[in-house]
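Descriptive structure summary
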Amino acid sequence: MKNIIKVEHPVLSNIVTKLRDINTDSYLFRKYLAEISRILLLEALKNVKTVEKETEIWIGKFKFPALIEENYVFIPIMRAGLPMLDGVFEVLKNAQAGFLAIKRNEKTLESVLYYDRVPPLKGKTAVILDPMVATGGSLDYAVNVIKEKNPEKIVSLNVIGAPEGLSRISEKHPDITVYIAEIDEKLNDKGFIIPGIGDAGDRAFRT
Ligand code: PRP
């Protein structure tokens, strides 16, 4: 799974443990998701090239390194990906956002797309946000929808994944890079990640 990068940082592990804690309420659950996403995005951007930007400072105009923030499009997968948006916007304040809503049919585990509001992606880096990769069906679906819009690059930021779903993504989409905080043990027979964080959408939105 060469394109799956497990981000190692003690601060990250610490926050994921808080997320797993059943006593973490919805408000903090959303805050932790945002914080984790900020750290994952920093890691994903570590090796991108900066451009020279002419900037007026106190002694005149000079060129300094900068990122073209508008070239990044954050795409949270609703519902559970939504709280991640706050964290990544703190890193790139002038990025764009688009929205995809994908739901798993809880019996068949098939993914169903019910909302697509992603802007044109030509020349952009699409940054998918979803806390969980279980069977990988939702992420696979999202990547297929996004690929049709021809972005320059696709990265996915995820909090927890099961080996089954991650190897599916790695096989089907070797051209994207996944940054993930934890890879858990397995999926149970209902398609839940074990040990996991429970149902992230329900926990984030009190349903
Ligand atoms: C969860 C999660 C992922 C998906 C992962 O969403 O946020 O999108 O399941 O499972 P998969 O890898 O097997 O597709 P869910 O369908 O529960 O919708 P929600 O975010 O609205 O709660």
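Rules of the game
- Residues numbered from 1 in each chain as written.
- Predicted model: local features only at pLDDT ≥ 70, side-chain atom pairs only at ≥ 80, totals over all residues.
- Heavy atoms only, no water.
- Phe/Tyr/Trp six-rings, centres within 6.5 Å; stacked < 30°, edge-to-face > 60°.
- Buried < 20%, exposed > 50% of the residue type's maximum accessible area, 1.4 Å probe, protein only.
- Lys NZ or Arg CZ within 6 Å of the ring centre and 35° of its normal.
- Near = heavy atom within 4 Å.
- Polar contact = N/O pair within 3.5 Å; in protein donor to acceptor, adjacent residues only side chain to side chain.
- Areas by Shrake-Rupley, 256 points an atom, 1.4 Å probe, with all protein chains shown as cover.
- Helix = DSSP H or I, 4+ residues; strand = E, 2+ residues; numbered from the N terminus.
- Nonpolar A, V, L, I, M, F, W, Y, C, P; charged D, E, K, R; others polar.
- Contact = heavy atoms within 4.5 Å.
- Expected span 1.5 Å × (residues − 1).
- Core = buried A, V, L, I, M, F, W, Y, C linked by side-chain atoms within 4.5 Å.

One pass over the full model with this rule turns up 2 aromatic pairs. Seen from their ring centres, Phe-62 and Phe-64 are 6.5 Å apart, and the 45° between their planes marks the pair as tilted. Owing to a relative accessible area of 37%, Phe-62 belongs among the partly exposed residues under this scheme. Here Phe-64 falls in the partly exposed class, since its relative accessible area comes to 34%. Positioned above the aromatic ring of Phe-192, the side-chain terminus of Arg-104 is 6.0 Å from the ring centre.

Residues in close proximity to the ligand total 15 residues, the closest being Arg-104, Asp-130, Thr-135, Gly-136 and Ser-138. Between the ligand and Asp-130, the relevant distance is 2.6 Å, taken from an oxygen atom to a side-chain nitrogen or oxygen of the residue. Gly-136 is positioned with one of its backbone polar atoms (N or O) 2.7 Å from an oxygen atom of the ligand. Within the complex, 96% of the 500 Å² of free accessible area of the ligand lies under protein. When contributions to the shell around the ligand are tallied by element, the ones reaching two or more residues are β6 (99-104), β9 (132-133) and α4 (137-147). Of the residues assigned to the shell around the ligand, the class counts are 5 nonpolar, 5 polar and 5 charged.

As for its placement among the helices and strands, Ser-111 is situated in strand β7 (residues 111-117). Among the polar contacts made by the side chain of Ser-111, one reaches the main-chain carbonyl oxygen of Gly-137 at a distance of 3.4 Å. Those residues in contact with Ser-111 that lie beyond four places of it in its chain are Ile-102, Lys-103, Arg-104, Gly-137, Ser-138 and Tyr-141.

Let us look at helix α2 (residues 26-44). Think of an α-helix as 3.6 residues a turn; residues three or four steps apart then line up on the same face. For α2, which comprises 19 residues, the first-to-last C-alpha distance of 27 Å matches the rise-based estimate of 27 Å (1.5 Å per residue) to within 8%. Every buried residue of α2 is listed here: Ser-26, Phe-29, Tyr-32, Leu-33, Ala-34, Ile-36, Ser-37, Ile-39, Leu-40, Leu-41 and Ala-44.

One finds Ile-36, Phe-74 and Leu-157 to be the most contacted residues of the largest nonpolar core, which totals 37 residues. Of all the secondary structure elements, the ones that give two or more residues to this core are α1 (10-20), α2, β4 (72-78), α3 (84-91), β8 (125-129), β10 (153-161), β11 (177-183) and α6 (200-205). The biggest single contributor to this core is α2, with 8 residues. Apart from residues lying up to four places away in sequence, Ile-36 is in contact with Leu-12, Ile-15, Val-16, Leu-19, Val-159 and Ala-181. Counting residues in each nonpolar core, the second largest holds 22 residues, with Leu-100, Val-118, Ala-126 and Val-178 among its members.

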